[in-house]
Amino acid sequence: MSAGRRPVDLGRVTWLVTGGAGYIGAHVVRGLVEAGHGVVVLDDLSTGRAERLPCEVPLVVGAVADRPLVTEVLNRYRIDGVIHLAARKSPTESIARPAWYHRENVGGLAALLDAMAGAGVHRLLFSSSAAVYGIPPGPTVSEVTPTAPINPYGLTKLLGEQLIAAAGRGYGLSWLALRYFNVVGAALPVLADRVPTNLVPIALAAMSADTPITVTGADYPTRDGTGVRDYVHVLDLASAHLAAADRLMAGPAADGVYNVGTGQGHSVLEVLHRIGVVTGQPVAHEIGPRRAGDPPEVVADVSRIRHELGWRSRYGLTEMIASSWLAWSELSGTVPVR
């Protein structure tokens, strides 16, 4: 602990949440507030929305790459730990702009770590991704499955984990990284994902536009020929952050990665069918060719986070889709059928 910093009261700690006005970040912020923690948000609002935040949470508009600003925030609010969610997150966009993704995700993290070291903040929870696994050798991946990302986005997440591990060895950083699988759902419409980049919001957007969704490949060696993925409710993901944050505050120093999923896979056609059941409307779809690099099946082994942090998912696919549909309906002005 650097000179002048107060001893940490484990009953009331203050977290800086970078990217806290984003879809996932806002759910994490609300979970922290409900648990009685102090929270400060740093967000450049490029994709985040200020209205997602509780009114009592200070919002500093800026980028994590702005080291002087981050240093000033860490000191002014006497931050005890950082939850780092701010990042560019589109695999497709990363292929078109690899250098920019490296600068934003890895460069921004490097600046944040420098600021934390200078301010004497030694706890970091990092938002990573299942994209670090690339095309795994089998359908279930654990934290010891070899990492081999197939796009620049996944590479920046893996490099981020490695950079944080080096910082841990270099100046005593206590850190954990959460590798998210496919995040779905919303606690409230205002918190909903406004950028349809995974199957459920893409399907809901297609339904609203009365256009069919293209299923990319139906000849995989899976139970119905379509790709199988692990979907996790954003509220479960937020609770995983709280479990990891509690571990960082309780000590001793931590250093490790955890998968965050349900441990169960659902195929594309199963998800589309469930959307039809929840909304009362069949999802029109057509079969297209496979996307290059898409593995047949990727499901999380979540035994490590269950055993070491005591966390497990609570919500099933129907609840994920229902919350997404209610949020989408309110935001789009659509009246839910049921």
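Here, the structure is the one placed above.
Since we're looking at a predicted model, the values are computed, not measured. (Residues numbered from 1 in each chain as written. Predicted model: local features only at pLDDT ≥ 70, side-chain atom pairs only at ≥ 80, totals over all residues. Heavy atoms only, no water.)

## Thoughts on the packing of aromatic side chains
Applied cut-off: Pairing of aromatic side chains requires ring centres within 6.5 Å, counting the rings of Phe and Tyr and the six-membered ring of Trp. Pairs whose planes differ by under 30 degrees are stacked, by over 60 edge-to-face, and all others tilted. Between buried and exposed lies partly exposed: a residue is buried under 20% and exposed over 50% of the maximum accessible area for its type, with that area taken using a 1.4 Å probe on protein chains only. Every helix listed is a DSSP run of H or I at least four residues long, and every strand listed is a run of E at least two residues long, numbered separately from the N terminus. In this scheme, Lys NZ or Arg CZ marks a charge over a ring once it lies within 6 Å of the ring centre and within 35 degrees of the ring normal.
Evaluated as defined, the whole model comprises 2 aromatic pairs. Consider the rings of Trp100 and Tyr101, whose centres lie 5.7 Å apart with planes at 75°: the pair is edge-to-face. Each member of the pair, Trp100 as well as Tyr101, carries the same accessibility label: buried. Relative to Phe181, the ring of Tyr133 has its centre 6.5 Å away and its plane inclined at 35°; by these criteria the two rings are tilted. Here the residue Tyr133 occupies a position in the loop between strand 5 (123-129) and strand 6 (140-141), and Phe181 occupies one in the loop between strand 7 (174-180) and strand 8 (182-184), the gap between them amounting to 48 residues. Residue classification places Tyr133 among the buried positions, given a relative accessible area of 1%. Exposure remark for Phe181: the relative accessible area of 8% places this residue in the buried category. Directly above the ring of Trp100 sits Arg97, whose terminal nitrogen or CZ lies 3.8 Å from the centroid. Positioned above the aromatic ring of Tyr220, the side-chain terminus of Arg290 is 4.1 Å from the ring centre.

## A short note on the sheet that holds strand 10 (residues 228-229)
For clarity, the cut-off: Two strands qualify as a pair provided that DSSP identifies no fewer than 2 bridges between them.
An order of 6-15-10-13 is seen for the 4 strands of this open sheet, with the pairing classed as mixed. With one partner strand each, in any of the chains shown, strand 6 and strand 13 (266-267) form the two edges of the open sheet. Relative to strand 15 (residues 297-300), strand 6 runs parallel, the two sharing 2 bridges. Bridge pairing in strand 15 places Thr140 opposite Val299.

## Some thoughts on the packing of helix 6 (residues 199-208) against helix 8 (residues 268-279)
We apply this condition: Note on definitions: angles span 0 to 180 degrees between N-to-C directions of axes, and those axes are lines fitted to C-alpha atoms, for helices only across the stretch in contact. For classification purposes, an angle smaller than 35 degrees is called roughly parallel, one larger than 145 roughly antiparallel, one from 65 to 115 roughly perpendicular, and anything else oblique. Here a crossing is called left-handed whenever its near helix is offset anticlockwise from the far helix by less than a right angle, and right-handed whenever the offset is clockwise. Any two residues whose heavy atoms approach within 4.5 Å are treated as being in contact. Under the convention adopted here, Pro, Cys and the residues Ala, Val, Leu, Ile, Met, Phe, Trp and Tyr are nonpolar, Asp, Glu, Lys and Arg are charged, and Gly plus all remaining residues are polar.
Where helix 6 meets helix 8, the closest approach of the two axes is 11 Å, and the angle between their N-to-C directions is 55°. Comparing the axis directions of helix 6 and helix 8 gives the class oblique. Between helix 6 and helix 8 the crossing geometry is right-handed. When helix 6 is examined against helix 8, the residues Leu199, Val200, Ala203, Leu204 and Met207 are found in contact with a partner set consisting of Val268, Val271, Leu272, Ile275 and Thr279. Of the residues that constitute the contact of helix 6 with helix 8, the class distribution is 9 nonpolar, 1 polar and no charged.

## With respect to empty space enclosed by the protein
Using the following cut-off: As defined here, a cavity is a set of points on a 1 Å grid over the protein atoms alone where a 1.4 Å probe fits but cannot get out. A pocket is an open set with protein on both sides within 12 Å along at least five of seven lines, and residues line them when an atom is within 4 Å of a point. Grid points are joined across faces, edges and corners, and a volume is the space filled by probe spheres set on the points.
Within the structure shown, the criterion is met by 1 cavity of 30 Å³ or more. In this structure, the largest cavity occupies an estimated 50 Å³ of space. As for the largest cavity, its lining consists of His84, Ala86, Ala87, Asn105, Val106, Leu109, Phe126, Thr156, Lys157 and Gly160. Elements with a minimum of two residues in the lining of the largest cavity: helix 4 (98-119) and helix 5 (152-171). Tallied by class, the residues present in the lining of the largest cavity amount to 5 nonpolar, 4 polar and 1 charged.

## Things to note about the layout of surface pockets
Within this model, the second largest pocket holds a volume of roughly 260 Å³. Lining the second largest pocket are 14 residues; nearest its centre among them are His27, Gly31, Glu34, Leu235 and Ala238. At the level of elements, helix 1 (23-34) and helix 7 (234-250) are the ones that each hand at least two residues to the lining of the second largest pocket. Broken down by element, the lining of the second largest pocket gets its largest block of residues, 5 residues, from helix 7. Each residue belonging to the lining of the second largest pocket can be placed in one class, and the counts come to 7 nonpolar, 3 polar and 4 charged.

Worth remembering: the numbers are spatial, not functional.
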